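Architecture and fold: a report
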There are 2 protein chains.
Amino acid sequence: MKHSPIAAEEPRYIKLNARDNVAIVVNDFGLPAGSRFPCGLTLKSFVPQGHKAALVDIDKDAPILRYGEIIGHAASPIGAGEWVDEARIRMPDAPALDNLEIATAVPAPLPPLEGYAFEGYRNPDGSVGTKNILGISTSVQCVAGTLEYAVKRIRSELLPKYPNVDDVVALTHTYGCGVAITAPDAVVPIRTLQNLALNPNFGGEVMVVGLGCEKLAPERLLPEGVDNAIVRMQDEAFEGFGAIVDGIMKMADARLAVLNRRRRETCPASDLVIGLQCGGSDAFSGVTANPAVGFAADLLVRAGATVMFSEVTEVRDAIQLLTRRAVNEDVGRALIREMAWYDAYLARGGSDRSANTTPGNKKGGLANIVEKSLGSIIKSGSSPIAGVLAPGEKARTKGMLFAATPASDFICGTLQLASGVTLQVFTTGRGTPYGLQAAPVIKVATRSELARRWKDLIDFDAGRIATGEMTIEEAGWELFRLILDVASGRTKVWSDRWGIHNDLALFNPAPVT
Amino acid sequence: MKHSPIAAEEPRYIKLNARDNVAIVVNDFGLPAGSRFPCGLTLKSFVPQGHKAALVDIDKDAPILRYGEIIGHAASPIGAGEWVDEARIRMPDAPALDNLEIATAVPAPLPPLEGYAFEGYRNPDGSVGTKNILGISTSVQCVAGTLEYAVKRIRSELLPKYPNVDDVVALTHTYGCGVAITAPDAVVPIRTLQNLALNPNFGGEVMVVGLGCEKLAPERLLPEGVDNAIVRMQDEAFEGFGAIVDGIMKMADARLAVLNRRRRETCPASDLVIGLQCGGSDAFSGVTANPAVGFAADLLVRAGATVMFSEVTEVRDAIQLLTRRAVNEDVGRALIREMAWYDAYLARGGSDRSANTTPGNKKGGLANIVEKSLGSIIKSGSSPIAGVLAPGEKARTKGMLFAATPASDFICGTLQLASGVTLQVFTTGRGTPYGLQAAPVIKVATRSELARRWKDLIDFDAGRIATGEMTIEEAGWELFRLILDVASGRTKVWSDRWGIHNDLALFNPAPVT
C-alpha cells in the first residue's frame, strides 16, 4: 500500500501485521501524552520516535506481538496508548535448535526477471568484478607498515601509468603470527584470508607480502597453480628496506599491467554477488530500509544473482522462520549448525546472543534481540534460502544465501568480501560512515531525517517509505537500479567519493599466543 | 668474558652454562660434518647456524641442558658432535603452578646508578614523554575511516602551525561495537583503550571520536575530570561529513595549541618507562640480544626507571625461575595468576603454550617453547621482579615489572603502550620491520649478518657479542646510552625515519557478536 504524504504534526504509527498489539510512532521527535491517532487511540504517555505504543490493553505475561511474532511478554499490565519500553518486556528464550521445522514452508521460486544487466569486469574464471583493483595480500601484520609505505609509492608512481586500474589495496590485518594456528577455529581466519585474495574485484592477480618466519606461511594464501607471487621480506636477496620496497613495487607493476587491460563489458545481473548488512539499527530498520532491501534482494534473486545476508546473532532469534524457508534438509541443517556453533562460542566467553543489542538500538526503539532479529531478516526477502556459507567461505551457488558471520559491521564486511561480494548494501538507522575499500557500499538510511542530515554519507533514503512518499516496492526497484548503476561504475557511493573505508577485521575465534 | 674476533671459517660454538651438554654453532651458514672445534669436539653431521650440537654423548631419556636448565629429554641416544634438532628432543610438561617457590631467591637490590638523564617532555601528572604527540582515541571502528581522513587534513593544515608537536596519531582499532561488552574478559580491551589515551607521549591532551550508538560509550575513554572532549558523529549538530571533519579538526586544533607549548627538559633516567619485547626469535636471541637487553634493563632499574617485560607464553615454561625472583608473596601470586589465566584461555580455544613457537623460531634453532622461554626471560636482567600488570594495566611502580601480554608482537606492543611505555626495545633474530607510532622502538638484531643486511631497519647490532667484538656488558652499556639518546629525541630509530608502524592490535579475549 502507498501512504499519502502527511503533515509532520499529524500523529502517526506503523503497524506491520494484523496480529500486532503494538505499533511504532513515526513522527520526528516522538509524540506527547494525549496525542490522538486517526484510529482513535490516544497516547497515555510520551512515546519517542521509533518506539512502541500499545494498541490495546495487554495483560501481565501476555505476548507482545510485532511482525506478527512474539518479541516478548509483558512484565506488568500495559494499558492501550502506553509506551512499551524495554523494561516492560520480558525477552523470550532463543528458539531451541533441536526441534526446528526444516524446509516446511519453502517459498515457490520467484518468477525469473530478465533483461537486466550491468557493466562489469569479467575475470578468466568467469566471475565478474564491479571494480578493477590490485589487492595485495599479507600473511602477517608485521609487514603492514612496509606494505603501506610501498602502496603510497605505487599510488603515486605506478598507478598513473595504468588509468584503467581503480586502486591498489593492502589487505592488512592482525593475524598471521602470535596466534594458535593449529587450534580448531584457526580455519576461520585462514580461510578468510585465502578467499579475500580471490574476490572478483581483484581480477585474479594475486600477490602476497610476507615476512618469512611467520606462522601463516605466505604460500597458503596463493591459489593453486600460482607461483612467483610472494615477496618475503626476510629473503636474503633483499639488502634492506629500500630493496624490499622495490621488490614489492616490481611485483605490483607486473600485475597492474595485466589489470590495466581489463575493460567493463555488459554482463547479466546474474553475475552480481551482493552482500546485505545492517548496522546501527533502529525500529525503522525493519519497517523501511530492510523491507526495501528485501524487495531488491528478491529482484536480484529473480535475475539469477547471488545474494547473501549474514549476522548470526541477528537471525538466531528468528531462526525458526528461516529453517522453514530452507530449500532442503541440508541447507536447514547447515543453518542450525552455524547457530549452534555460535551459541557455543558465545557461551565459552561467558556471553549469549543478548550481548548483540547496542545502546543505539535501544535508543532507536529496539527493545531486544528478538525484535531486532525480526527486523533484520526481512532483508532476505521472500525467496527460498538456497545455501549456507561458513564464516569466510566462498559462495558457489546462486540465489539467497545465509553467510554466517558475527554482526560486527567491520567483521561481517570482511567475511562477505571473502565470500565474494562485489557490492554491499548496508542499512542504518542511527547512521554510520561505514565503507569498504575493496567493494562499493550503498548506505541506506531508515529515516529521512538521517538521510537529510547526512546528505553526503547516505546513498539511499528509505525513510520515504515511512513518510508515505513511496511504497516498499517502489523503493525496492529504485534500489535495484541503483545497485546496477553502482556495479557499473556509473554512480559512485559516498564512502568512495570521500575515500573513507573501514579496515579489514578478521574473525579469529581461536586464541592468540 | 670478551671473545677475540675470529676468522669466519674457524668452527665455533657458544656454551652458556657449565652444566650444559649442548652448545649452539656460531658460524654463518652452519658447519659441515667433520668440523673440529678448538676443544677437540668433531661434528658428526651438518649443524646449521644457531642450532645445537651435542657436546657429549647423551643417553635416551637423559636431560638436555641449555642455560643450565632442562629444555627437554633425548628422544633417542645422541652422540657427541651430532645435531640435536627438534625431533630429538621430547618437550617437558609446563611447570605446575600449584607448587612453585615464591620469593625464595630474591636478588639483592642492585646498587643505584646515578647521574644519567634524558631530555623528555614532563606532563602535568608528573609522567614524562619521549615524544610530543596528539593521540586521538576512538570508541568504535566505524569512525576510523572518517578520523583517518581528518588526520590527513590535520597533518597538512594544522601541524605546520605547531612546530613543537611531533605527530598526530589516530588510535584506531576493531573494538567498540559488535562485541560482548559485558563478558567477563571485556575488561581487557576496555582497560587497554582507557590507558592508551593516558600514555605520557600524548601529554594528557585526550580527545575521543565516537559514533553515538556504539556499545563502548565514548565517555568511558575519558579520564576523570575531562569534559568536552568527545566528537560524536551522530550528534544532530553535525550536518554531514564535512561538518563532522570540521568538528574533529576544531577539537584537535585546541589540543595541538596546548601540546605546542611543551618543551623537552632534562629529566632523570628514573622517569623512563621502557618496554622490552622480542619477535622473530632465533637461538642467538638468548645469547646476544636478550642478554644485552637484560644488562641494559639492570642499568635502567639501577637508575630508578620502570622497565617491563611481557609475553606470557614465553615465560610460562620458565615461570619457576621468575616466582623465586618475585620481590614478595603478592607479586609471586600475581605471576601465577596471570599464567593460570592464560593456560585456561588457551585451553578454552583447544590450544596450549606449545602453539607459541613459529616456523622461523625452529629454523633459527629454537627446538621448543622451553628453550625459547629460557632465552626470552634473560631480557628481564637480574633484579627482583617488583610488580605484575594485568593486560593493559597502567604501571605505577618502578623497577622490573612483568606486564602480562600475549607474545604476538603487535598485541604486546599495544598493551605495553597502554601500560605506559614511552620507548620500546625489541630484539629480533629473523628480522621484522616492526615499529610503533606512539613510541620509538629500538630494534636489536641478534646476529650481525641481519644487522648488516637490514642496515636501514635494525638500530643495534648485538651480534657483535657472538663474534667477540664486544662483551655483553659493553653491549648493555651501549644500548643503555642509545635508549637515553632516543628518549631525548637526539637519535631517530629506523622505523620512525621511514614512518613504518604497526597498527594497534587490541587483545580481546571475549567474544565478538
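The rules behind the values
Residues numbered from 1 in each chain as written. Chains lettered and ligands numbered in written order. Predicted model: local features only at pLDDT ≥ 70, side-chain atom pairs only at ≥ 80, totals over all residues. Heavy atoms only, no water. pLDDT = per-residue confidence, 0-100. Contact = heavy atoms within 4.5 Å. Helix = DSSP H or I, 4+ residues; strand = E, 2+ residues; numbered from the N terminus. Expected span 1.5 Å × (residues − 1). Bend = angle between axes of the 7 residues up to and from the residue. Buried < 20%, exposed > 50% of the residue type's maximum accessible area, 1.4 Å probe, protein only. 1 Å grid on protein atoms, 1.4 Å probe; cavity = no way out; pocket = protein on both sides within 12 Å on 5 of 7 lines; lining within 4 Å. Points joined across faces, edges and corners; volume = space filled by probe spheres on them. Nonpolar A, V, L, I, M, F, W, Y, C, P; charged D, E, K, R; others polar. Least-squares fit on C-alpha atoms with pLDDT ≥ 70 in both. Salt bridge = Lys/Arg side-chain N within 4 Å of Asp/Glu carboxyl O. Pairing = 2+ DSSP bridges. Axes fitted to C-alpha atoms, helices over the stretch in contact; angles between N-to-C directions. Buried area = accessible area lost by both parts, 1.4 Å probe. Polar contact = N/O pair within 3.5 Å; in protein donor to acceptor, adjacent residues only side chain to side chain. Right-handed = clockwise from strand over helix to strand, strands pointing away. Phe/Tyr/Trp six-rings, centres within 6.5 Å; stacked < 30°, edge-to-face > 60°. Lys NZ or Arg CZ within 6 Å of the ring centre and 35° of its normal.

1. Structural notes on the confidence of the model for chain A
Residue and element names in this part refer to chain A.
- Model confidence for chain A is summarised by a mean pLDDT of 95, while 98% of its residues fall at 70 or above.
- Under a pLDDT of 50 for its full length, residues 1-7 has, in the predicted model, 15 contacts with residues more than four places off or in other chains.
- For this predicted complex, the interface score ipTM comes out at 0.92, while the overall pTM is 0.94.

2. Thoughts on helix α4 (residues 285-302) of chain A
Residue and element names in this part refer to chain A.
- Over its 18 residues, α4 runs 24 Å from end to end, which matches the ideal 26 Å to within 8%, given 1.5 Å per residue.
- Along α4, the sharpest change in direction is near 30° and occurs at P291.
- With 16 of its 18 residues buried, α4 lies for the most part within the structure.
- Remark: G304 follows α4 within two positions and exhibits a positive phi of approximately 90°.

3. Remarks on empty space enclosed by the protein
- The tally for this structure, following the rule as stated, stands at five cavities of 30 Å³ or more.
- Estimates place the volume of the largest cavity at around 870 Å³.
- Lining the largest cavity we find 44 residues, and of these T174 and L506 of chain A together with T174, L506 and N508 of chain B sit closest to its centre.
- Secondary-structure elements contributing two or more residues to the lining of the largest cavity are α6 (329-348) of chain A together with α6 (329-348) of chain B.
- Grouping the constituent residues of the lining of the largest cavity by class yields 26 nonpolar, 14 polar and four charged.

4. Remarks on the relation of the copies chain B and chain A
- Each copy of the sequence occupies a distinct position, and chain B is placed on chain A by a rotation of 180° and an axial shift of 0.0 Å, giving an RMSD of 0.0 Å. Such values leave the two copies arranged in the relation of a two-fold axis. Taking C-alpha positions as reference, the residue of chain B nearest the rotation axis is R348 of chain B, located at 3.6 Å.
- The share of interface residues of chain B whose copies in chain A are also at the interface is 100%, consistent with both copies meeting through the same surface.

5. Regarding the pattern of salt bridges
- Counted by the stated rule, this structure contains 52 salt bridges over all chains.
- Put simply, D253 of chain B and K161 of chain B hold a salt bridge, and the shortest N to O gap is 3.2 Å. You can see D253 of chain B sitting in helix α3 (residues 241-259) and its partner K161 of chain B sitting in the loop between α1 (144-158) and β10 (167-171), a full 92 residues away along the chain.
- With a shortest N-O distance of 2.8 Å, E449 of chain B and R453 of chain B are connected by a salt bridge. Within this pair, E449 of chain B and its partner R453 of chain B are both found in helix α10 (residues 448-453), separated by four residues, close to a single helical turn. Neither E449 of chain B nor R453 of chain B differs from the other in exposure class; each is buried.
- A single salt-bridge network, built from bridges that share partners, covers D282, R447, E449 and R453 of chain A.

6. A short note on the sheet that holds strand β17 (residues 399-403) of chain A
All names here are of chain A.
- What the seven strands build is an open sheet, ordered β16-β17-β15-β14-β18-β19-β20; its pairing is parallel. Every interior strand has two partners, whereas the edge strands, β16 (385-389) and β20 (460-461), have only one.
- Seen against the sheet, α6 touches β16 and β17 and runs at an angle of roughly 40° to β16.

7. Thoughts on the interface of chain B and chain A
- Of the residues lining the interface, 72 residues belong to chain B; the matching set on chain A comes to 73 residues.
- Between chain B and chain A lies a buried interface of about 5500 Å² when both sides are counted; carbon and sulfur atoms form 60% of it.
- At the surface where chain B touches chain A, the tally comes to zero salt bridges.
- Scanning the region where chain B abuts chain A turns up 31 residue pairs in polar contact (both at pLDDT 80 or more).
- Considered class by class, the residues forming the side of chain B that touches chain A number 36 nonpolar, 23 polar and 13 charged.

8. With respect to the pairing of strand β9 (residues 133-138) of chain B
Residues and elements named next belong to chain B.
- Across the six residues of β9, six count as buried, placing the element largely inside the fold.
- Burial of the side chains of β9 extends over both faces: I133, G135 and S137 are buried on one face and L134, I136 and T138 on the other.
- Two elements, β9 and β10, share five bridges in a ladder whose sense is parallel. Within β10, the position partnered with I136 by the bridge is A170.
- Crossover β9 to β10 through α1 is right-handed.
- In this structure, β9 lies alongside strand β11 (residues 207-210), joined through three bridges in parallel fashion. Residue I136 lies in a different strand from β11, and its bridge partner there is M207.

9. A word on the packing of aromatic side chains
- Applying the stated criterion across every chain, the model contains 34 aromatic pairs over all chains.
- Seen in terms of ring centroids, W494 of chain A and W498 of chain A are 6.4 Å apart; in terms of plane orientation they differ by 25°. Their pairing is stacked. Of this pair, W494 of chain A and W498 of chain A are both found in helix α12 (residues 494-498), four residues apart, which corresponds to roughly one turn of the helix.
- Looking at W498 of chain A, the relative accessible area reads 26%, which means it is partly exposed.
- Residues F426 of chain B and Y434 of chain B carry aromatic rings whose centres are separated by 4.4 Å and whose planes lie at 20° to one another, so their mutual orientation is stacked. For the pair F426 of chain B and Y434 of chain B, one class covers both residues: buried.
- Aromatic rings pair up to connect Y149 and F241 of chain A together with W494 and W498 of chain B into one cluster.
- Across from the ring centre of F460 of chain A, 5.2 Å away, lies the NZ or CZ of R464 of chain A, which sits over that ring.
- Geometry around W494 of chain B places R497 of chain B over its ring, the cationic atom sitting 3.9 Å from the centre.

10. Some details on the sheet that holds strand β20 (residues 460-461) of chain B
All names here are of chain B.
- Strands sit in the order β16-β17-β15-β14-β18-β19-β20 across an open sheet of seven strands; the sheet is parallel. A strand with exactly one partner marks an edge of an open sheet, and here the two such strands are β16 (385-389) and β20.
- The sheet contact formed by β16 and strand β17 (residues 399-403) spans four bridges and is parallel. Along β17, the bridge assignment pairs L389 with A403.
- Docked against the sheet, α6 engages β16 and β17, running at close to 40° with respect to β16.

11. Overview of the side chain of S281 of chain A
Residues and elements named next belong to chain A.
- Checked against the element boundaries, S281 lands in the loop between β14 (273-278) and α4.
- By relative accessible area, S281 is classed as buried at 4%.
- Excluding its chain neighbours within four sequence positions, the residues that come into contact with S281 are G360, N361, L366, K372, G429 and R430.

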